[in-house]
Amino acid sequence: MIVTLIVLCEVAFWVLLALGLVLRYPARKPRLGAAVLLCEPLLEVVLLVVTAMDLRNGAQADWKHGLAAVYIGFTVGLGHSTIRWVDARVAHRFAGGPPPVKPPKYGAARAAHEWRVAARWTVAAVTALALLQAAVWYVGGDGDVSSLQAWQQKMLLVIGINVVIAGSYTLFPKQEPAQGREPASKR
């Protein structure tokens, strides 16, 4: 039941996003569109409540409960930026908005961009870690929480990978090609 609910929440996320953007741009009802987009967090609240009820009713904590916590965490950390990303493209394509801003390619600006991306992923993973730890405490010492702890390890790995990527752009920034210079291979 939990996996089905996660899938339904993901589908509902994209349906609400599409509906909100259609109301915002083609229908020219920006307030109604924004109201629909503000309903997105309700999906996570429903998933959280159902997962907690499932555990309270005696279900064995397993990978599905961990996946629910991870899904909620990733929606918290990445949902807003995903909505902004899609909104910018829809506004440009269908409402005459400015072209979406592309991320910088070189130097300190690219490093700063990568740190912002890493921060969003870290918020997602830390939220998931907190929900997973709450589930571990909720189940208590009597239940098997190894699957929840395995998810926690994966979330720490997500944080580590993102920090390494952002750090690599800081320590080894990609340099902008020199203007007016021939590549070394053509000399």
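Scroll up for the structure.
Residues numbered from 1 in each chain as written. Predicted model: local features only at pLDDT ≥ 70, side-chain atom pairs only at ≥ 80, totals over all residues. Heavy atoms only, no water.

**Student:** Looking at this structure, how should I read the side chain of Glu40?
**Tutor:** With respect to the helices and strands, Glu40 occurs in helix H3 (residues 40-56). One buried charged residue, Glu40, forms no salt bridge at all, with the nearest opposite charge on Arg24 at 10 Å. Residues in contact with Glu40, not counting those within four places in the same chain, are Phe13, Leu16, Leu17 and Ile83. (Helix = DSSP H or I, 4+ residues; strand = E, 2+ residues; numbered from the N terminus. Buried < 20%, exposed > 50% of the residue type's maximum accessible area, 1.4 Å probe, protein only. Lys, Arg positive; Asp, Glu negative; His and termini not counted. Salt bridge = Lys/Arg side-chain N within 4 Å of Asp/Glu carboxyl O. Contact = heavy atoms within 4.5 Å.)

**Student:** Would you take a moment to explain the layout of surface pockets for this structure?
**Tutor:** To find leftover empty space, one rolls a probe the size of a water molecule over the atoms. For the largest pocket, the calculated volume is near 500 Å³. Lining of the largest pocket is provided by 19 residues; of these, Arg84, Trp85, Val101, His113 and Arg120 occupy positions nearest its centre. At the level of elements, helix H4 (63-95) and helix H5 (107-139) are the ones that each hand at least two residues to the lining of the largest pocket. Considering every element that reaches the lining of the largest pocket, the biggest residue donor is H4, with 7 residues. Taken together, the residues of the lining of the largest pocket break down into 11 nonpolar, 3 polar and 5 charged. Here the second largest pocket is characterised by a volume of approximately 260 Å³. Forming the walls of the second largest pocket are 13 residues, and the residues nearest its centre are Leu37, Glu40, Pro41, His80 and Ile83. A per-element tally of the lining of the second largest pocket places H4 first, with 7 residues. (1 Å grid on protein atoms, 1.4 Å probe; cavity = no way out; pocket = protein on both sides within 12 Å on 5 of 7 lines; lining within 4 Å. Points joined across faces, edges and corners; volume = space filled by probe spheres on them. Nonpolar A, V, L, I, M, F, W, Y, C, P; charged D, E, K, R; others polar.)

**Student:** Is there a simple way to think about the nonpolar core in this case?
**Tutor:** If you look at soluble globular proteins, the nonpolar side chains tend to sit buried side by side. Counting 22 residues, the largest nonpolar core has Ile6, Cys9, Phe13, Leu17, Leu21, Leu47 and Tyr71 as the members making the most contacts within it. For this core, the secondary-structure elements that each account for two or more residues are helix H1 (2-24), helix H2 (30-37), H3 and H4. Ranked by residue count, the leading element in this core is H1, at 9 residues. (Core = buried A, V, L, I, M, F, W, Y, C linked by side-chain atoms within 4.5 Å.)

**Student:** Sorry if this is basic, but what is going on with the pattern of salt bridges here?
**Tutor:** Side chains that carry opposite charge are capable of pairing whenever their charged atoms lie near each other. Across all of its chains, the model carries 3 salt bridges by this definition. In this structure, Arg24 and Asp87 form a salt bridge, with 3.8 Å as the shortest nitrogen-oxygen distance. Taken as a pair, Arg24 in helix H1 and Asp87 in helix H4 lie far apart in primary sequence, 63 residues in all. Put simply, Glu114 and Arg110 hold a salt bridge, and the shortest N to O gap is 2.8 Å. One end of the pair, Glu114, and the other, Arg110, are both in helix H5, 4 residues apart, so they sit about a helical turn from each other.

**Student:** It is not clear to me how the packing of aromatic side chains should be interpreted in this structure. Could you clarify?
**Tutor:** Considering all chains together, one arrives at 2 aromatic pairs under this definition. Ring plane angle 85° and centroid distance 5.2 Å describe the contact between Phe13 and Trp14, whose orientation is recorded as edge-to-face. By relative accessible area, Phe13 is classed as buried at 6%. Residues Phe74 and Trp121 carry aromatic rings whose centres are separated by 5.3 Å and whose planes lie at 80° to one another, so their mutual orientation is edge-to-face. Here Phe74, found in helix H4, pairs with Trp121, found in helix H5; they are 47 residues apart in sequence, far enough to count as distant. Seen from the ring of Trp151, Lys154 lies directly overhead, with NZ or CZ sitting 5.5 Å from the centre. (Phe/Tyr/Trp six-rings, centres within 6.5 Å; stacked < 30°, edge-to-face > 60°. Lys NZ or Arg CZ within 6 Å of the ring centre and 35° of its normal.)

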